[in-house]
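# Residue-level structural notes
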Amino acid sequence: MEHRGLDADGYIEREGALGRIQAEFRPVVAAARERVAEAYGRRLHSAYLYGSLPRGTARPGRSDLDLLLALHHEPSDEDRDAAEVLSRGLDEDFHQIDGAGILLYGKDSLLSERERYDLGWFLACLCTPLLGADLAEHLPRYRPDGLLARETNGDLADVLPGWRAKVRAASAPEEYRRLSRAFARRLVRTGFTLVMPRWGGWTSDLAESAEIFGAYYPQRAAQMRAAAAVALDPVADPAVLRTYIEDLGPWLADEYTARHGPKAPRS
């Protein structure tokens, strides 16, 4: 029987583990752990890795380092400034990674009812504990159902206007490259969660996500496969971005809303 990222009871298994981190990335993770603890001290409740590093699929010089920090309070400007300094320093000091990103949240927000099927699910299923007590112990288990689909990616229609503004403001090849990777990742993940309840499982693999989506929407399969390729190897072509914001993105947003409904509003 196909595994599909679920445990024996049909709940999404937590992906990633510190033991899966490839040897070349272990110094990066060790430095991140030390620097986060030093920068935030008692303000930090816990820290987590997510993405390709804890899944053991990172590519030297191509993958980024992704961290989520849960603070005892809601992040302040000082906390955000510290995250910027940390991200920049890790990226500059370690050639193994292509960028570092840090998400900051207050622990009460992560555990809130409002975020139960978005940030809460993200932490419980896609994040690997690095420092502190694991907040996942206070969260439920999750199934790949329509509620999860709606609350994770049911806001694509709201995101698209901001994407269009970013494309209009961009001019340099590196800007186009950065946007192509971010947009493509989001589109592939949204395409997967669109069909996730019908497929009945979970995967974070972008190529696999595109293939699963294509089985349900063959008329859009080639576009989604191409987006998965860009997510892994971004391009500096503004025409690709226009395709995302003028064609694939609007279609996907409409189809998503029709099938799952819009994500619950956030204040």
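In this report, we go over the structure that sits alongside the text. (Residues numbered from 1 in each chain as written. Predicted model: local features only at pLDDT ≥ 70, side-chain atom pairs only at ≥ 80, totals over all residues. Heavy atoms only, no water.)

## Considering helix H8 (residues 173–199)
Which entries qualify depends on this criterion: A run of DSSP states H or I qualifies as a helix once it reaches four residues; a run of E qualifies as a strand once it reaches two. Both are numbered from the N-terminal end. Helix span, as expected, comes to 1.5 Å for every residue beyond the first. Two axes are fitted around each residue, one to the seven residues ending there and one to the seven starting there, and the angle between them is reported as the bend at that residue.
In this model H8 runs 37 Å from its N-terminal to its C-terminal C-alpha over 27 residues, within 8% of the 39 Å that 1.5 Å per residue would give. Within H8, the axis deviates most sharply at threonine 193, by approximately 30°, and proline proline 197 lies no more than four positions further along. Glycine 200 lies just past H8 and shows a positive phi near 80°.

## Brief notes about the side chain of glutamine 22
Rules: The term polar contact refers here to a pair of N or O atoms within 3.5 Å; inside protein, the definition further demands a hydrogen-donor-capable atom paired with an acceptor-capable atom, and it admits residues adjacent in sequence only when both atoms are side-chain atoms. Only heavy atoms matter for contacts: two residues are in contact if any of them lie within 4.5 Å across the pair.
Among the structural elements, glutamine 22 can be located in the segment before helix H1 (26–40). A distance of 2.8 Å separates the side chain of glutamine 22 from the backbone oxygen of alanine 58, its partner in a polar contact. Each residue touching glutamine 22, except ones within four places of it in the same chain, is listed here: Leu53, Gly56, Thr57 and Ala58.

## Comments concerning the nonpolar core
Put simply, the rule is: Nonpolar cores are built from buried Ala, Val, Leu, Ile, Met, Phe, Trp, Tyr and Cys residues. Side-chain atoms within 4.5 Å join them into one set. Throughout this description, buried means an accessible area under 20% of the type-specific maximum (1.4 Å probe, protein chains only), exposed means over 50%, and partly exposed covers the range between.
Of all hydrophobic cores here, the largest spans 56 residues; its most connected members are Leu68, Trp121, Leu123, Phe183, Phe213, Tyr244 and Leu252. Residue contributions to this core peak at 11 residues, all from H8. Beyond its immediate sequence surroundings of up to four residues, leucine 252 is in contact with Leu156, Leu187, Thr190, Gly191, Leu194, Phe213 and Met224.

## Observations regarding the sheet that holds strand E2 (residues 65–71)
The test is simple: Any two strands with at least two DSSP-identified bridges between them are counted as paired. Helix axes use the C-alpha atoms of the stretch in contact, all axes being lines fitted to C-alpha atoms, and the angles between their N-to-C directions lie in the range 0 to 180 degrees.
If you trace the 4 strands from one edge of the open sheet to the other, you get E3-E2-E1-E4, paired in mixed fashion. Pairing within the sheet leaves two strands with one partner each, and these edge strands are strand E3 (100–106) and strand E4 (127–132). Direction aside, the axes of adjacent strands within the sheet are offset by 25° on average. As judged from the 5 bridges shared by strand E1 (residues 44–50) and E4, these two strands associate in the antiparallel manner. When the bridges of E4 are listed, serine 46 appears paired with glycine 132. Across the sheet, H1 lies against E1, E2, E3 and E4, angled at about 30° from E2, the strand it touches most.

## Structural notes on H1
Note the threshold: Here the arc refers to the set of directions running from the helix axis out to each C-beta atom.
Its 15 residues give H1 an end-to-end C-alpha distance of 21 Å, which sits within 8% of 21 Å, the value for a rise of 1.5 Å per residue. For H1, the complete set of buried residues consists of Val28, Val29, Ala31, Ala32, Val36 and Tyr40. For H1, the buried positions fall inside an angular range of 160° around the axis, keeping them on one side. In this structure, H1 carries Glu34 and Glu38 as exposed residues pointing more than 90 degrees from its buried face.

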